[in-house]
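If you want the building blocks of each chain, they are given just below.
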Amino acid sequence: MSSKAQALLKRERKVLSTSYVRPYPFVPERGEGVWLYDVDGNRYLDFMGGIAVNTTGYGHPKVLEAAQAQMQRFVHVCFSDFSHEPNVSLAERLVEKLGGGYRVYFGNSGTEAVEAAIKLVRYHTRRPYLLAFTGAFHGRTFGSLSLTSSNVKYRQGFAPLLPGVVHVPYPSPSRPPFGVPPERAGQAVLDYLEHLFKTKLPPAEVAAFFVEPIQGEGGYLLPAPGFFKDLKALLEHHGILLVADEIQTGAGRTGTFLAMEQEGVQPEVVTLAKGLASGFPLSALLFREELSSWPPGAHGTTFGGNPVAAAAAMATLDLLEEGLMENAREVGAFLKAKLEELLKGVPGVVEVRGRGLMLAVAFASGELRDRAVNAAFERGLLTLPAGPDALRIAPPLILSQEEAEEGAGRLAEAIRALG
Ligand SMILES: Cc1ncc(COP(=O)(O)O)c(C=O)c1O
């Protein structure tokens, strides 16, 4: 283990909050494309992308140029008080990407977009209840944390949380609820919801259902095919809004701008963050025009909607449209197939799953997964855990087929070596 990285980790242990997780001792110095170099000069292939954030990789000239140009003009005026070109242009562009008829509220982080969504759906419907899935992750501030249920460590010690949140089992064919076979996962959850609405939870008092199109922190779990279409119909019947939390799945990661496009569902509310501005802090809440009833001052923020982040987001959108979404689809499919081929029959590997460049290798246990993440790191590949037993892969969307092959090889070698 290198001395510079160790020395820094030793220093931070004296001054930093103990809440920071350090899955392995990686201390970056600089990045280039999909590669990161640590303070000791070691080179790593980045299959985590700052947790699905670094859409365009490290140091993309177009993103840097856009951000630098805006920095020369001005870095901040409070957008809650004063308008500016970068945010208006970005809002127009995002609304257009969703097909029109939405409005936008900007924040800095994912959790801020989710908090804003909670306030918006409550304000608009005046209904008290919120639905979310077991295994969901929507953030760590009190509102979003109340929706989160992917790991008890996020909640422990923080109660009481927001009242009125009801969790419903998630229809994953990989982990079917209620002990049903995988092909029944979707219908079983719909039946459960109908039952809930008849026995315990008055649907007319539910404001919204918050969903991730693919569960992220919960383990990169896909929903049952067609489930979201059926869910949307049921929610519409009861006047319940669908909030698609696309913070991890959005901005092209799964091969389309929103993952919900692939489900054929148009949510009333969408949250975006992570990959939207290639690493600059920015989130966006998009909501249907009809839900626009907030008077000035009903919600706001000092930093949200930073113009430098907006300029970086515009450059990111250009690059997504110029081929990165297509690349996520193609290289993602290649990488998934490659991993399936290399990991076939390897003991302890349960499946390779995901869409686009949001992929995971699921293991028979969390312990095995943790060892795999560490073994990959030792082979110069950066990955992260997700959920109880998955290793997630969320590289920059600029990943080439050759780099995907290189990473798959390193990962398979690491996993095989676990024995
Ligand atoms: C789906 C989803 N929603 C919300 C969040 C919270 O975002 P942030 O960490 O930027 O607050 C995350 C972060 O992982 C996420 O994956």
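Quick note: structure is the one above.
Residues numbered from 1 in each chain as written. Predicted model: local features only at pLDDT ≥ 70, side-chain atom pairs only at ≥ 80, totals over all residues. Heavy atoms only, no water.

Asks: Help me understand the overall build of the protein chain in this model?
Replies: Counting its secondary structure elements, the protein chain contains eleven helices and 15 strands. A compact globule built from 419 residues would reach a C-alpha radius of gyration of about 22 Å, and the protein chain, at 21 Å, matches this within 12%. For the protein chain, buried positions account for 55% of its 419 residues. For the protein chain, restricting intrachain contacts to residue pairs at least 6 apart in sequence, the fraction spanning at least 24 positions comes to 72%. Summed over its atoms, the accessible surface of the protein chain is roughly 17,800 Å², and 53% of this surface lies on carbon and sulfur atoms. Computing the positive centroid from 41 side-chain charges and the negative centroid from 45, the protein chain places the two 6 Å apart. (Helix = DSSP H or I, 4+ residues; strand = E, 2+ residues; numbered from the N terminus. Rg over C-alpha atoms; globule rule 2.2 N^0.38 Å. Buried < 20%, exposed > 50% of the residue type's maximum accessible area, 1.4 Å probe, protein only. Contact = heavy atoms within 4.5 Å. Areas by Shrake-Rupley, 256 points an atom, 1.4 Å probe, with all protein chains shown as cover. Lys, Arg positive; Asp, Glu negative; His and termini not counted. Charge placed at Lys NZ, Arg CZ, Asp CG, Glu CD.)

Asks: Help me understand the pattern of salt bridges, please; the structure alone is not making it clear to me.
Replies: Side chains carrying opposite charge are able to pair once their charged atoms draw close together. By the definition in use, this model includes 22 salt bridges. Between Arg30 and Glu32 there is a salt bridge, with the nearest N and O atoms lying 3.2 Å from each other. Residue Arg30 is classed as partly exposed on the basis of its relative accessible area of 42%. The residue Arg410 makes a salt bridge to Glu406 at a minimum N-O spacing of 2.9 Å. A residue pair is termed a helical-turn pair when its members lie 3 or 4 positions apart in one helix, as Arg410 and Glu406 do in helix H11 (residues 401-416) at four residues. Through salt bridges with shared partners, a single network forms among Arg93, Lys97, Asp318 and Glu321. (Salt bridge = Lys/Arg side-chain N within 4 Å of Asp/Glu carboxyl O.)

Asks: Honestly, the environment of Pro395 in this entry has me stumped. Any pointers?
Replies: Its place among the elements puts Pro395 in the loop between strand E15 (390-393) and H11. Distance in space between the C-alpha atoms of Pro395 and Met48 is 5.0 Å, their sequence separation being 347 residues. Here Pro395 is in contact with Asp46, Phe47, Met48, Gly49, Arg253 and Leu357, once residues within four sequence places are set aside.

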